[in-house]
Amino acid sequence: MIDAEQNLIELFRQNTVFQHLDDAEIEALMNISVIKKFNKNQAVFEVDQTARYLYLVVSGSLILNLRNNKIKTFNRGDIFGEVGVINEHLRTGTIRAMEPASLIAINANQLFNQRLVEAKTALKVLRELAKLVTNYLRSREQISTPELIALGETEFAEFKSSMRWNANTNNTDRALEQPIIRTIAAFLNSKGGTLLVGVRDDGEILGIGQDRFENHDKMLLYLTDLIKVRIGALHMKFIRFEVEQINTQHILRIDVEPATMPAYVREGKTGESYYVRTGPSTTQLQVSKIFDYIRMRF
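For clarity, every value in this text was computed on a predicted model and none was experimentally measured.

Before going further, it helps to spend a moment on the overall build of the protein. Regarding its fold elements, the protein presents nine helices and 17 strands. Expressed as lengths along the three principal axes of its C-alpha atoms, the size of the protein is roughly 65 × 45 × 35 Å. Across the 298 residues in the protein, those meeting the buried criterion constitute 47%. Look at the contacts in the protein between residues 6 or more apart in sequence, and 71% of them connect residues 24 or more apart. A total accessible area of about 15,200 Å² is found for the protein, and carbon and sulfur atoms account for 50% of it. Separation between the mean location of the 37 positive side-chain charges and that of the 36 negative ones in the protein comes to 1 Å.

Right under this line is the structure:
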């Protein structure tokens, strides 16, 4: 039981919202929390429901569908429900489990009850939640997807026509997954960036329908599993997915934050490679240079 509790404390601390709290403060949050389990396809909450909890993902993958038709995914260590906690508003989207999931549900009302949680602790959490929401809104205002496409490929932006559909052979081609995984790893190892799938190098929007996934949920779950296998589950907390509609086409936006630990790409049965961004390109770093790069970067 002690080990399980310590693991949960470490899970809290891995998220930026709780990283400045000490053990006693995190334990106070755990005292107003419950573990909730959800089956595949089960809704955690639906649009227009009253916001009662802030959620921290313990295991599983979940998908959020917003009113504007955007889609986001959440994995271990991610939080969601922060907007409703801050302004006590009704939920603006529906979130459900893509696979069996376990969540820590923090009671929003009790979080601001000084008899249960000290004011200084609640204030620390509130400040970080406000930063999270502010940064999210600012990034969407300043770097919208149409603006990224108009600016073209840069050190921080790359376009891919498809995830797995080869237009030349008119068939599924798993080799096309390679550059996508390598680019994500390069963003993780460098300064972060955004990968747009369904957009040609010249900025023409092709859409993700050509990848022949049954639906967007299946595509996002497929990509989540791919990243976990090829890069590692620990890096999922630095990656966000959204499906956006531009005109009549849907594209996949993958936003990647700079990681706090090196990201290696598993290639073949035993090999691993290390990628970084060099201008608008993804480059495999020579073995002799990896150690020095990691030492300076991390």
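Geometrically, a packed helix pair is captured by the angle between its two axes and the distance between the axes. At their nearest, the axes of helix α7 (residues 177–189) and helix α8 (residues 216–230) sit 11 Å apart, and the two run at 65° to each other. Between α7 and α8, the angle is such that the two are roughly perpendicular. With respect to the hand of their crossing, α7 and α8 are arranged in right-handed fashion. Residue-level inspection shows Glu177, Gln178, Ile181 and Ile184 of α7 in contact with α8, the latter providing Tyr222, Leu226, Ile227 and Arg230. For the contact of α7 with α8, the class distribution of residues is five nonpolar, one polar and two charged.

This brings us to the nonpolar core. The biggest cluster of nonpolar side chains holds 34 residues, and the ones touching the most others in it are Ile184, Leu252 and Ile254. Elements that contribute at least two residues to this core include exactly α7, β12 (193–197), α8, β13 (239–246) and β14 (249–256). Grouped together as the second largest cluster of nonpolar side chains are 23 residues, Phe18, Ile79, Val85 and Ala122 included.

Quick look at the sheet that holds strand β7 (residues 93–97) now. Spatially, the eight strands line up as an open sheet ordered β2-β7-β4-β5-β13-β14-β12-β9, and their pairing is mixed. With partners counted over all chains shown, the strands left at the sheet margins are β2 (43–45) and β9 (157–160), one partner each. Strand-to-strand twist of the sheet, defined as the mean angle between neighbouring strand axes without regard to direction, takes the value 20°.

Before going further, it helps to spend a moment on the packing of aromatic side chains. Summed over all chains, the structure comprises nine aromatic pairs. With centroids separated by 6.1 Å and ring planes inclined at 35°, the aromatic side chains of phenylalanine 45 and tyrosine 55 adopt a geometry described as tilted. With phenylalanine 45 in strand β2 and tyrosine 55 in strand β3 (residues 53–59), the pair connects residues that are 10 residues apart, well separated along the chain. Neither residue differs from the other here; phenylalanine 45 and tyrosine 55 are each classed as buried.

Reading guide: rules and limits
- Residues numbered from 1 in each chain as written.
- Predicted model: local features only at pLDDT ≥ 70, side-chain atom pairs only at ≥ 80, totals over all residues.
- Heavy atoms only, no water.
- Helix = DSSP H or I, 4+ residues; strand = E, 2+ residues; numbered from the N terminus.
- Buried < 20%, exposed > 50% of the residue type's maximum accessible area, 1.4 Å probe, protein only.
- Contact = heavy atoms within 4.5 Å.
- Areas by Shrake-Rupley, 256 points an atom, 1.4 Å probe, with all protein chains shown as cover.
- Lys, Arg positive; Asp, Glu negative; His and termini not counted.
- Charge placed at Lys NZ, Arg CZ, Asp CG, Glu CD.
- Axes fitted to C-alpha atoms, helices over the stretch in contact; angles between N-to-C directions.
- Parallel < 35°, antiparallel > 145°, perpendicular 65-115°, else oblique.
- Left-handed = near helix turned anticlockwise from the far one by under 90°.
- Nonpolar A, V, L, I, M, F, W, Y, C, P; charged D, E, K, R; others polar.
- Core = buried A, V, L, I, M, F, W, Y, C linked by side-chain atoms within 4.5 Å.
- Pairing = 2+ DSSP bridges.
- Phe/Tyr/Trp six-rings, centres within 6.5 Å; stacked < 30°, edge-to-face > 60°.

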